[in-house]
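Spelled out, the chains give:
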Amino acid sequence: MKQSDQKSTLRKRLGIMGGTFDPIHYGHLVAAETARYKFDLERVIFIPSGAPPHKTKRRISLPEFRYQMVSRAIADNDFFEVSRIEIERTGLTYTVDTLRLLKEEYPNYELYFITGADAFREIFTWRSPDEIIELTQFIGASRPGFDALDFLSQLQQQSPRFYQRMHFMEVPALAISSTDIRLRVKAGQSIRYLLPEPVRLFIQKNGIYK
Ligand code: ATP
Ligand code: MG
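Here the structure is a predicted model, which is why all the values come from computation and not from measurement.

Visitor: I tried to follow the sheet that holds strand 4 (residues 109-116) on my own but got confused; where do I start?
Guide: The strands making up a sheet associate through backbone hydrogen bonding, with each pair oriented either parallel or antiparallel. Ordered in space as 3-2-1-4-5-6, the six strands form an open sheet in which the pairing is parallel. The open sheet has two edge strands, strand 3 (80-82) and strand 6 (166-169), and neither has a second partner. In this sheet, adjacent strand axes meet at a mean angle of 25° when their direction is disregarded. As defined by bridge partners, strand 2 (residues 43-48) adjoins strand 3 across three bridges and the pair is classed as parallel. Across the sheet, residue I45 finds its bridge partner in strand 3, namely E81. The strands touched by helix 3 (residues 63-74) within the sheet are strand 2 and strand 3, with strand 3 carrying the most contacts at an inclination of about 165°.

Visitor: Would you take a moment to explain the site of ligand 1 for this structure?
Guide: In the neighbourhood of ligand 1, 21 residues make up the surrounding shell, with H25, D118, L174, S178 and T179 lying closest. Separating an oxygen atom of ligand 1 from a side-chain N or O atom of H25 is a distance of 2.9 Å. Protein contacts shield 90% of the accessible area of ligand 1, which totals 600 Å² for the unbound molecule. Taken together, the elements giving at least two residues each to the shell around ligand 1 come down to strand 1 (12-19), helix 2 (26-38), strand 4, helix 5 (117-120) and helix 9 (178-186). Of the residues that constitute the shell around ligand 1, the class distribution is five nonpolar, 12 polar and four charged.

Visitor: Explain the pairing of strand 4 to me, please; I cannot follow it from the model alone.
Guide: Each regular strand displays side chains that alternate between the two surfaces of the sheet. Burial of strand 4 is extensive: eight of the eight residues sit out of reach of the surface. Neither face of strand 4 is left uncovered, since the one carrying Y109, L111, F113 and T115 and the one carrying E110, Y112, I114 and G116 both have all their residues buried. As paired strands, strand 1 and strand 4 are joined by six bridges and run parallel to one another. Residue I16 lies in a different strand from strand 4, and its bridge partner there is F113. As paired strands, strand 4 and strand 5 (residues 137-141) are joined by five bridges and run parallel to one another. Paired with G116 across the strands is A141, a residue of strand 5.

Visitor: Just checking my understanding: could you explain the pattern of salt bridges for this structure?
Guide: Close approach of charged atoms allows side chains with opposite charge to pair. Tallied over the full model, the rule gives 14 salt bridges. Note that D118 is salt-bridged to R143, the shortest N-O span being 3.1 Å. A residue pair is termed long-range when its members are at least 10 positions apart, and D118 in helix 5 and R143 in the loop between strand 5 and helix 7 (149-158) qualify at 25 residues. D118 gets classed as partly exposed once you look at its relative accessible area, which sits at 21%.

Visitor: Can you walk me through the nonpolar core in this structure?
Guide: A general trend in soluble globular proteins is that nonpolar side chains are found buried together. Grouped together as the largest cluster of nonpolar side chains are 33 residues, with contacts concentrated most on I24, F46 and I203. Among the secondary structure elements, those contributing two or more residues to this core are helix 2, strand 2, helix 3, strand 4, strand 5, helix 9 and helix 10 (197-206). Residue contacts for I203: discarding those within four places in its chain leaves P23, M69, V185, I191, L195, I208 and Y209. Core analysis: the second largest hydrophobic core is formed by 26 residues, I45, Y94, L102 and I132 among them.

Visitor: For this particular structure, what's the right way to read the packing of helix 3 against helix 10?
Guide: Any two packed helices are characterised by how steeply their axes cross, that is the angle between the axes, and by the distance between the axes. Look at helix 3 against helix 10: their axes get within 8 Å of each other, and the N-to-C directions meet at 150°. Here helix 10 runs roughly antiparallel to helix 3, going by the angle between their axes. Judged by residue contacts, F65, Q68, M69, R72 and A73 of helix 3 engage P198, V199, F202, I203 and N206 from helix 10. Per-class residue counts for the contact of helix 3 with helix 10 are seven nonpolar, two polar and one charged.

Visitor: Help me out: how do you make sense of the packing of aromatic side chains in this one?
Guide: Note on aromatic pairs: each is described by the distance of the centres and the angle between the planes. Tallied over the full model, the rule gives 12 aromatic pairs. Where F124 meets F162, the ring centres are 4.8 Å apart and the plane angle is 45°; that geometry is what we call tilted. Pair noted here: F124 is in the loop between helix 5 and helix 6 (129-135) and F162 is in helix 8 (residues 160-165), with a separation of 38 residues, a long-range link. Classification of F124 as partly exposed rests on a relative accessible area of 40%. Site record: aromatic cluster; members linked through ring pairs are F120, F124, F151, F162 and F168. Between R84 and the ring centre of Y67, over which it is positioned, the NZ or CZ distance is 4.3 Å.

Reading the values: the criteria
Residues numbered from 1 in each chain as written. Chains lettered and ligands numbered in written order. Predicted model: local features only at pLDDT ≥ 70, side-chain atom pairs only at ≥ 80, totals over all residues. Heavy atoms only, no water. Pairing = 2+ DSSP bridges. Helix = DSSP H or I, 4+ residues; strand = E, 2+ residues; numbered from the N terminus. Axes fitted to C-alpha atoms, helices over the stretch in contact; angles between N-to-C directions. Contact = heavy atoms within 4.5 Å. Near = heavy atom within 4 Å. Polar contact = N/O pair within 3.5 Å; in protein donor to acceptor, adjacent residues only side chain to side chain. Areas by Shrake-Rupley, 256 points an atom, 1.4 Å probe, with all protein chains shown as cover. Nonpolar A, V, L, I, M, F, W, Y, C, P; charged D, E, K, R; others polar. Buried < 20%, exposed > 50% of the residue type's maximum accessible area, 1.4 Å probe, protein only. Salt bridge = Lys/Arg side-chain N within 4 Å of Asp/Glu carboxyl O. Core = buried A, V, L, I, M, F, W, Y, C linked by side-chain atoms within 4.5 Å. Parallel < 35°, antiparallel > 145°, perpendicular 65-115°, else oblique. Phe/Tyr/Trp six-rings, centres within 6.5 Å; stacked < 30°, edge-to-face > 60°. Lys NZ or Arg CZ within 6 Å of the ring centre and 35° of its normal.

Now the structure itself:
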């Protein structure tokens, strides 16, 4: 074991779950909870995105709505928190900027950024991947329809530093996406059991995705 790895196993570990969460659903929650216990994370902070650079094509729900939905979804888990760090920033929000801020706020923690397999294999399309990988390790969760294993073996060959800091985990397969939930609401179909009930009621009450 290298010295840097030894040090990281002794430090406290903080999980970060980034996403648009429009809306948050059980796929996000299972990924965060599985990462928490498998990687011994002290807690997981959910960070709803501000204006995500890769989602400029469709209209995203109000940041406050997305924040409120996350807040309701995680209320019953003592290990989960939600942060306003991105929704309060103006302009496009880049993960690298958020990670810099978190690193300052939590100097004694090793950061673990949790993603699904789709986002995991897109890391090189993000702004400043070389800096990102020094600021945080990654945990990629399996997601139906997205294979990450080819990506990982390529990484092992071509980018050992990334390979060392990107970890893959299997989670119970949930073929749930926010896109599908939005379409269902729009079509008047049921979204029960795809997301926590308080989130469903919030969507209903505020007429989101109609
Ligand atoms: P959209 O359809 O709007 O893109 P989404 O369901 O993909 O929504 P995001 O907010 O884009 O949700 O995702 C946030 C993070 O959660 C991403 O890293 C994504 O890969 C991961 N994720 C989302 N759904 C699942 C799922 N069903 N299983 C595992 N990971 C998931
Ligand atoms: Mg997505």
